[in-house]
Amino acid sequence: MSAAELEGENSLLKQRIQQLETELASVQAAAVEPDGQKWALGLDEYRRYGRQMIMPEIGLEGQLRLKRARVLVVGVGGLGCPAAAYLAGAGVGTIGLVDHDVVEASNLHRQILHSTATVGTPKVESALLYLRRLNPHPTYIPHDFALSPSNAIAVFQNYDLVLDCTDHPSLRYLISDAAVLTNIPVVSASALRKDGQLIVLNSPPGHGPCYRCIWPRPPPSPTSCADGGILGPVVGVMGVLQALEAIKLLILPAPSTPAPATMTLFSAWPRLAFRHCRMRARRTGCPGCSPAVERTALADTDYVAFCGADAEGVRLAPEERVAPVEYRSVRESGAPHVLLDVRDPTQFGICHLRGSWSGFPSCVCMCVVPVLTCVDVPFEEFEGASALPALVKEGLSTAEAVYVLCRLGNDSQIVTRMLKDAGVAGGHVWDVRGGIREWARTAPEGFPEY
Amino acid sequence: MATIPITVEFSGGLELLFSNQRTHKLQIPAQDPSGNPANIGFLVSYLCDNLVEAKRKDLFVMDGTVRNGILVLINDSDWELEGEDRYELQGADNILFVSTLHGG
Ligand SMILES: [Zn+2]
């Protein structure tokens, strides 16, 4: 057996054990009146779910449907945390969680199941701590590994519904394909900065459009929350909406004539707006969901290649880059040079190296101290430009040496290459490896890391 | 020359390519250069010539059409339901370009 097969088998068995334990617990807990009357739920459950059960849309029957339901949440981040919390609170009987990341401090402003105390522990474990305290009744199934083409089917076939709470297109295509093959709907959401999107796919199974029907080809360069930023409540709203759509799918009987797929667009800033857009039906010949199309086995599909491996960009030779510690000694030696910071003005405003100040119009920060000039010219000024921006040319015309800094050390390599090609400072241009993050991590005096 | 009043909107980060402004009220020429009624295909090239930040045009169009990962909604309907780039613009149409989001 391969490692992936063993992994799949292992997770199936764990799942079965958990299911049996829950059944046992619910048999033991089922309230029995002295006269022998049996209740459908435990007495604690009536109290716990009463506020939603008294709604005619839910009732006892709806509550029992939720209890019988098995929902898989893929990604326990900004979307998955609120979604899982509401599903658990509502009494969904079986909740599976897939994630292989560990909790980081930078997650906490939006990933509400995690806490300062669980930084460094696996997200699935951290989430379970919270969920079990919130509601001990559901069966929680941890899938503490990365979803992959070789394990997706084995995981999905034990669930009635999947929530796509991931953050990369390759996973979104994989989830959609696996959901079509296992005949379950997908509640898909995403968020970035101040916008969110929500759509229910393959619903009802076999009829509604899949992810590939809506987006046949992936975008060339998706922006992640780590790069683009995200406002906590924005992604929170989208996760809560996923839980809401999931509850409706689990409770409402399947319509005889499926309604057309709708995408909900949420924009939070500056004014709140929800917008509902009518989307296309299934695409004839869709490689994801058309029965007429002979499809490659999931395990043989390379989703990462399909979505394009993350752009490598320019890669400089090792001698064209300096480690933060080397640049530190340049500063300490007093050798005249210019430090060119190519982060955007917002990030420059969060923290920047001494010797610079901000205040010039058009977000250009420039200052001359005896030996050091620090200039902030956002990377966007370089992006797509065939020649150096005039301001950069002017600012660097007398430079003896230039060091280029960005956030993580990618953009700065591209700019370094451009400056060298333009003959700036007689070619004395270096990239500061790892950007200001690496600078922060190696600064003995401490420096903000964001 | 006759024009058509329409509203063009950008979201999901696309507004960053259009002066960071989400909503644009535009008067679009009623006919394209070859004299045919203005359609979405013409609107896209009009936006490329007049509205998009030139340096970052490649983030909006690729090979003459809207880039992968950008949805076009005509009066809140997927453009695929309306004839895609052959849809002929009508007065007061609302055309929304949305970049697909992946964060979560
Ligand atoms: Zn499809």
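Counting from 1, residues in each chain are numbered in the order their sequence is written. Chains carry letters from A onward and ligands carry numbers from 1 onward, assigned in written order. The model is predicted, so local features are restricted to residues of pLDDT at least 70 and side-chain atom pairs to those at 80 or more, both for listing and for counting; the totals for chains, interfaces and linings are taken over all residues. Side-chain calculation: all heavy atoms of the structure are included, whereas hydrogens and water are not.

The name given to chain B in an unreviewed UniProt entry is Ubiquitin-related modifier 1, and the organism recorded there is Discina gigas. UniProt positions are given in the numbering used here, feature names are shortened, and annotations may be inferred rather than shown by experiment. Taken verbatim from the UniProt record of chain B, the Sequence similarities (unreviewed entry) comment is "Belongs to the URM1 family." What UniProt records for chain B under Pathway (unreviewed entry) is the sentence "tRNA modification; 5-methoxycarbonylmethyl-2-thiouridine-tRNA biosynthesis."

The name given to chain A in an unreviewed UniProt entry is Adenylyltransferase and sulfurtransferase uba4, and the organism recorded there is Discina gigas. Of chain A, the UniProt comment under Subcellular location (unreviewed entry) reads exactly: "Cytoplasm, Cytosol". In the Sequence similarities (unreviewed entry) part of its UniProt record, chain A is described as follows: "In the N-terminal section; belongs to the HesA/MoeB/ThiF family. UBA4 subfamily."

Participant: Tell me about the overall build of chain A, and name the residues and values.
Facilitator: Assigned secondary structure in chain A consists of 16 helices and 13 strands. Taken over 450 residues, chain A has a buried fraction of 49%. Contacts were defined at the residue level, with two residues in contact if any of their heavy atoms lie within 4.5 Å. In chain A, the proportion of contacts linking residues at least 24 apart, taken out of those at least 6 apart, comes to 67%. Total accessible area computed for chain A in this model is approximately 21,200 Å², and 57% of it derives from carbon and sulfur atoms. In this text, helices come from DSSP runs of H or I with a minimum length of four residues, and strands from runs of E with a minimum of two, each type numbered from the N-terminal end. Between buried and exposed lies partly exposed: a residue is buried under 20% and exposed over 50% of the maximum accessible area for its type, with that area taken using a 1.4 Å probe on protein chains only. Computed with a 1.4 Å probe, the accessible areas rest on the Shrake-Rupley method; for each residue, only the protein chains presented here act as cover.

Participant: Please provide a residue-by-residue account of helix α2 (residues 43-53) of chain A, values included.
Facilitator: Quick reminder: α-helices carry 3.6 residues per turn. Residues three or four places apart thus point the same way. All names here are of chain A. Along α2, the residues classified as buried are E45, Y49, G50 and M53. The arc that holds the buried residues of α2, viewed along the axis, is 155 degrees, so those residues lie on one side. For α2, the exposed residues lying more than 90 degrees away from the buried face are R47 and R51. Buried residues belonging to α2 abut α3 (59-68) and α4 (80-90). Our arc is simply the arc of the directions from the helix axis toward the C-beta atoms.

Participant: With reference to specific residues and values, describe the coordination of the zinc ion.
Facilitator: Put simply, a metal with four donors set out as a tetrahedron has ideal angles of 109.5 degrees, and one with six donors set out as an octahedron has ideal angles of 90 or 180 degrees. Residues and elements named next belong to chain A. C210 (SG), C213 (SG), C286 (SG) and C289 (SG) make up the full set of protein donors to the zinc ion, lying at 2.2 to 2.3 Å. Coordinating donors are taken to be N, O and S atoms lying within 2.8 Å of the metal, or within 3.2 Å when the metal is Na, K or Ca; because water is excluded from the atom set, some sites may appear incomplete. A four-donor site is called tetrahedral if each angle lies between 85 and 135 degrees; a four-donor site is square planar, and a six-donor site octahedral, when trans pairs exceed 155 degrees and the remaining angles lie between 65 and 115; all other cases are labelled irregular. Each of the 4 donor atoms around the zinc ion contributes to a set of angles spanning 96 to 119 degrees, which defines the coordination as tetrahedral. Along the chain, the residues donating to the zinc ion fall in the pattern C-x2-C-x72-C-x2-C. C286 gets classed as buried once you look at its relative accessible area, which sits at 0%. C289 gets classed as buried once you look at its relative accessible area, which sits at 7%.

Participant: Outline the interface of chain B and chain A, listing residues and values.
Facilitator: Listed as interface residues are 29 residues of chain B and, on the opposing side, 44 residues of chain A. In this description, buried area is defined as the sum, over both parts, of the accessible area (probe of 1.4 Å) that is lost when the two are combined. Taken together, the two surfaces of chain B and chain A that pack against each other cover about 2,900 Å², and 49% of this comes from carbon and sulfur. When residues of chain B are sorted by the area they lose upon contact with chain A, B:L101, B:H102 and B:G104 head the list and together hold 26% of the total. Here a salt bridge means any side-chain nitrogen of Lys or Arg lying within 4 Å of a carboxyl oxygen belonging to Asp or Glu. Taken together, the links from chain B to chain A amount to 7 salt bridges. For A:R278, the salt bridge is made with B:E82, and the minimal N-O distance between the two is 3.8 Å. Counting of polar contacts relies on pairs of N or O atoms within 3.5 Å, with two restrictions inside protein: one atom must be capable of donating a hydrogen and the other of accepting it, and residues adjacent in sequence are counted only when both atoms are side-chain atoms. Between the two partners, chain B and chain A, sit 20 residue pairs in polar contact (both at pLDDT 80 or more). Counting residues per element, the ones that place at least two in the side of chain B that touches chain A are β5 (70-74), β6 (77-78) and β7 (94-99) of chain B. When residues in the side of chain B that touches chain A are grouped by element, the largest group, 4 residues, is from β7(B). Among the residues forming the side of chain B that touches chain A, the class breakdown is 8 nonpolar, 11 polar and 10 charged. Residues are grouped as follows: Ala, Val, Leu, Ile, Met, Phe, Trp, Tyr, Cys and Pro are nonpolar; Asp, Glu, Lys and Arg are charged; every other residue, Gly included, is polar.

Participant: An account of unusual backbone geometry is needed here, citing residue identities and associated values.
Facilitator: Residues and elements named next belong to chain A. Residue S203 is joined to P204 through a cis peptide bond whose omega torsion reads -10 degrees. Mapping P204 onto the fold places it in the loop between β6 (195-201) and α8 (211-214). In this model, N183 sits at a positive phi of 65 degrees, which is unusual for a non-glycine residue.

Participant: An account of the UniProt feature "modified residue: 1-thioglycine" (unreviewed entry) in chain B is needed here, citing residue identities and associated values.
Facilitator: The feature "modified residue: 1-thioglycine" (unreviewed entry), as annotated in UniProt, sits at B:G104 in this numbering. Relative to the assigned elements, B:G104 resides in the segment after β7.

Participant: I'd like a description of the packing of α4(A) against helix α10 (residues 232-251) of chain A, backed by residues and values.
Facilitator: All names here are of chain A. To define axes, lines are fitted to C-alpha atoms, for helices over the stretch in contact only, and angles between the resulting N-to-C directions are given on a 0 to 180 degree scale. The N-to-C vectors of α4 and α10 enclose an angle of 35 degrees; their axes lie 7 Å apart at closest approach. Judged by the sense of rotation from one axis to the other, the crossing of α4 with α10 is right-handed. Contacts from P82, A83, Y86, L87 and A90 of α4 reach α10 at G236, G239, V240, Q242, A243, A246 and I247. Split by residue class, the contact of α4 with α10 holds 9 nonpolar, 3 polar and no charged. It is the rotation of the near helix from the far one that decides the hand of a crossing: anticlockwise by less than a right angle makes it left-handed, clockwise makes it right-handed.

Participant: So what's going on with the pattern of salt bridges? Residues and values would help.
Facilitator: Residues and elements named next belong to chain A. Applying the stated criterion to the full structure yields 23 salt bridges over all chains. For E245, the salt bridge identified is with K248, shortest N-O distance 3.0 Å. In this pair, E245 and K248 are both assigned in helix α10, 3 residues apart and thus about one turn of the helix distant.

Participant: Which residues make up the pairing of strand β1 (residues 70-74) of chain A, and what values go with them?
Facilitator: Residues and elements named next belong to chain A. Of all the 5 residues making up β1, 4 are buried; the element is thus mostly covered by neighbouring parts of the structure. Only strands joined by at least two bridges in the DSSP assignment are considered to pair. Relative to strand β2 (residues 94-98), β1 runs parallel, the two sharing 5 bridges. Bridge assignment links V73 to a residue of β2, and that residue is L97. Whether a crossover is right-handed comes down to one check: with the strands pointing away from the viewer, does the path from the first strand over the helix to the second run clockwise; if it does, it is right-handed. Taken together, β1, α4 and β2 form a β-α-β motif whose crossover is right-handed. In this structure, β1 lies alongside strand β4 (residues 161-164), joined through 4 bridges in parallel fashion. Note on β4: the bridge partner recorded for L72 is V162.

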